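# Remarks on the overall topology
Listed below, chain by chain, are the residues.
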Amino acid sequence: MSDKRRGLSKAREIYLNRSQRARELKARGKKIIGYPCVYVPLEMITALDLVPYRTCGDMKEPVTEADRALPSSFCPIMRSCLDCALKGKNDFLDGMVTIHSSDPQEKTARVWESYTDYPYFHFIDMPVTIRPEALEYFEGQLNDFKKTLEAFSGKKLSTGTLEAAIESHNQQRTLVRELYELTKPSPPLVSGTEIAQVVKALMSLPVAEGNELLADIMSEVENRTDAPERKAARLLTWGSTLDNTDIMQVLEAQANVVLDESCGGIRAYRAEVRRSPDAIEGLADYYLNEITCARSFRQAILGETRKHYARDLQSRFGYLKGIVKEWNINGAIMLLVRYCDPFAFEMPSLKDYFDGLGIPNTYIEYDYTAGALAPLRTRVEAFVETIS
Ligand code: SF4
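As the structure is a computational prediction, the values presented were derived from the model and not from experiment. (Residues numbered from 1 in each chain as written. Predicted model: local features only at pLDDT ≥ 70, side-chain atom pairs only at ≥ 80, totals over all residues. Heavy atoms only, no water.)

## With respect to the overall build of the chain
Rules: Every helix listed is a DSSP run of H or I at least four residues long, and every strand listed is a run of E at least two residues long, numbered separately from the N terminus. When we talk radius of gyration, it's over C-alpha atoms, and the globule rule is simply 2.2 Å times the number of residues to the 0.38. Here's how the labels work: a residue is buried when its accessible area is under 20% of the maximum for its type, exposed when over 50%, partly exposed in between, all with a 1.4 Å probe on protein chains only. Note on definitions: a residue-residue contact is assigned when non-hydrogen atoms from the two residues lie within 4.5 Å. Charged-residue counts in this description rest on Lys and Arg as positive and Asp and Glu as negative, His and the chain ends being excluded. Charged groups are reduced to one reference atom each: NZ for lysine, CZ for arginine, CG for aspartic acid, CD for glutamic acid.
Counting secondary structure elements, the chain contains 15 helices and eight strands. Relative to a compact globule of 388 residues, whose C-alpha radius of gyration would be 21 Å, the chain shows 20 Å and is just as compact. Here the chain holds 388 residues, and the buried ones make up 59% of them. Counted over contacts in the chain with a minimum sequence separation of 6, partners at least 24 positions apart contribute 72%. Looking at charge distribution, the chain has the averaged site of its 49 positive side-chain charges lying 1 Å from that of its 55 negative ones.

Written out as structure tokens, the structure reads:
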């Protein structure tokens, strides 16, 4: 990786060639652990001096190999992730950690483990409800994960190293939130496309290198003279994984995307792991309670049997009200990857919530292929026209 590049251009370079740094580190004796979803507690991997690397799909790569193992009417992102793995694009990995964050993730994990031969493979089961019993169960799962990671790395996961790793990952969350603060001005100082590249770059680097890169980017953006131009609308995007900037560029041809609530955007950085006497308990609490993905079933009142719709919407989406106000958002696009049940079932309620806030919104379904870009462009143009 050319060290001459800094800031946004370095992030872009990493985005375009994600595995290069991981391969360099592997050549120096580091072990690289893949993970497909942001619910995997990276702090435990970092604390054992292993390098976490997010395994992503590639919407420009037609799925072929994965057809041997997964049905066609199935999460296209998981199909693409597995396809990339079966084509050897992750052959530098020393191991994989998967998690039951959605049924497609769970089903793909089984297949992934059977069709690949990594020295280490671990599956974390994860409850879908946010209840004390669920937290206790999840903590048990993380302690199992700890045992297999220690056995694989040949090292003990001490409280000290884990707390230091939590500190570094929390610092990264703070820096990403600070970067998103720079989209509040109009025009924003940094584009949604640039931030999508930065986030994907962060998911390809050890946390300390990611924090250095972010510090560079912050000072670059705060002093830049080539800020994005003001567009006809200030959009919030909401969806599962938005990890390809081609989609973001289609959106930003018409509008400024000032906040992306997906796991290619702010989702993994919006909150922090709180300090806890038991670091594993603190991690379980953060990953189960704080990450706002549609895969979790949240109730306004635990065990309630008589639904109060407005209160329910507030408990599930209330955090978006502050975001809409603070980022002066005047339109929301809910992006649905075909066959993604958790997000599909969430859409009607979220639409009601945005309607209740008086925010124009639309939902666009697309399949995770390059062919989706043209129809997406037409839909976005029509929507932005209605709100500008
Ligand atoms: S959308 Fe949710 S379940 Fe899917 S990868 Fe992102 S965080 Fe994980």
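So that's the structure; there's more coming.
## Topic: the site of the ligand
Rules: Note on definitions. A residue lies near a molecule or strand when any single heavy atom of the residue is within 4 Å of it. Here the bounds of each domain stem from an automatic or database domain assignment.
Taken together, Cys 37, Val 38, Tyr 39, Arg 54, Ser 101, Gln 105, Ser 240, Thr 241, Cys 263, Arg 267, Cys 293 and Phe 343 form the complete shell of residues around the ligand. Each of two domains, domain 1 (20–161) and domain 2 (188–387), supplies a minimum of three residues to the shell around the ligand.

## Here's the deal with the packing of aromatic side chains
As a reminder, the rule being used: Aromatic pairs are defined between Phe, Tyr and Trp rings, using the six-membered ring for Trp, whenever the two ring centres lie within 6.5 Å; interplanar angles under 30 degrees are classed as stacked, those over 60 as edge-to-face, and all others as tilted. By the criterion adopted, a ring carries a charge over it if an Arg CZ or a Lys NZ lies within 6 Å of its centre and within 35 degrees of its normal.
In this structure the tally under the stated criterion is five aromatic pairs. Between Trp 238 and Phe 343, the aromatic rings sit 5.0 Å apart at their centres with planes inclined by 55 degrees, giving tilted as the arrangement. With Trp 238 in strand β5 (residues 234–239) and Phe 343 in helix α14 (residues 341–357), the pair connects residues that are 105 residues apart, well separated along the chain. The buried category is assigned to Trp 238, whose relative accessible area is 3%. You can call Phe 343 buried: its relative accessible area is 4%. The residue whose ring lies beneath Lys 184 is Trp 327, and the NZ or CZ to ring-centre distance is 4.4 Å.

## Concerning the sheet that holds strand β7 (residues 331–337)
Selection criterion: For two strands to count as paired, DSSP must find a minimum of two bridges between them. The axes used here are C-alpha line fits, helices contributing only the stretch in contact, and every angle between their N-to-C directions lies in the interval 0 to 180 degrees.
The four strands are arranged β6-β5-β7-β8 in an open sheet whose pairing can be described as parallel. A strand with exactly one partner marks an edge of an open sheet, and here the two such strands are β6 (256–261) and β8 (361–366). Sheet twist, expressed as the average angle between the axes of neighbouring strands with direction ignored, equals 25 degrees. Here β5 runs beside β7; their pairing, made up of five bridges, is parallel. What sits directly across from Thr 237, in β7, is Ile 333. Most of the contacts of helix α10 (residues 245–252) go to β6, to which it runs at about 135 degrees, and overall it touches β5, β6, β7 and β8.

## Concerning the domain arrangement of the chain
Put simply, the rule reads: Two parts placed together each lose some accessible area; with a 1.4 Å probe, that loss summed over both constitutes the buried area. Note on definitions: salt bridges are taken to be side-chain nitrogens of Lys or Arg within 4 Å of carboxyl oxygens of Asp or Glu. Nitrogen and oxygen atoms within 3.5 Å of one another constitute a polar contact, given that in protein one can donate a hydrogen and the other can accept it, and given that sequence-neighbouring residues count only through two side-chain atoms.
You can read the domains of the chain as domain 1 (20–161) and domain 2 (188–387). Computed from C-alpha atoms alone, the centre-to-centre distance between domain 1 and domain 2 is 22 Å. Listed as interface residues are 44 residues of domain 1 and, on the opposing side, 42 residues of domain 2. Both sides together, the interface formed by domain 1 and domain 2 hides about 3,700 Å², and carbon and sulfur atoms give 67% of it. A per-residue breakdown of the area domain 1 buries against domain 2 is headed by Tyr 39, Met 59 and Ile 130, which together make up 23% of the total. On the surface where domain 1 and domain 2 come into contact, there are two salt bridges. Note that Asp 246 is salt-bridged to Lys 60, the shortest N-O span being 3.2 Å. Between domain 1 and domain 2 we count 14 residue pairs in polar contact (both at pLDDT 80 or more) in total. Of all elements in the fold, only α2 (19–27), α3 (42–47), β2 (51–54), α4 (76–86) and α6 (132–153) reach the threshold of two or more residues within the side of domain 1 that touches domain 2. Broken down by element, the side of domain 1 that touches domain 2 gets its largest block of residues, eight residues, from α6.

## Some details on the pairing of β8
Applied cut-off: Here the term right-handed applies to a crossover when the path leading from its first strand over the helix to its second strand runs clockwise, the strands being oriented away from the viewer.
Pairing of β7 with β8 involves six bridges; the strand directions are parallel. By the bridge assignment for β8, Val 337 is matched with Tyr 366. Considered for its hand, the β-α-β crossover made up of β7, α14 and β8 is right-handed.

## A few points about helix α12 (residues 309–317)
What counts, and what does not: Read the arc as the range of directions from the helix axis to the C-beta atoms.
Among the residues making up α12, those that are buried are Asp 312, Leu 313, Arg 316 and Phe 317. Viewed end-on, α12 has its buried residues packed into an arc of 105 degrees, placing them on one side of the element. Where α12 is buried, its residues meet α13 (319–326) and α14.

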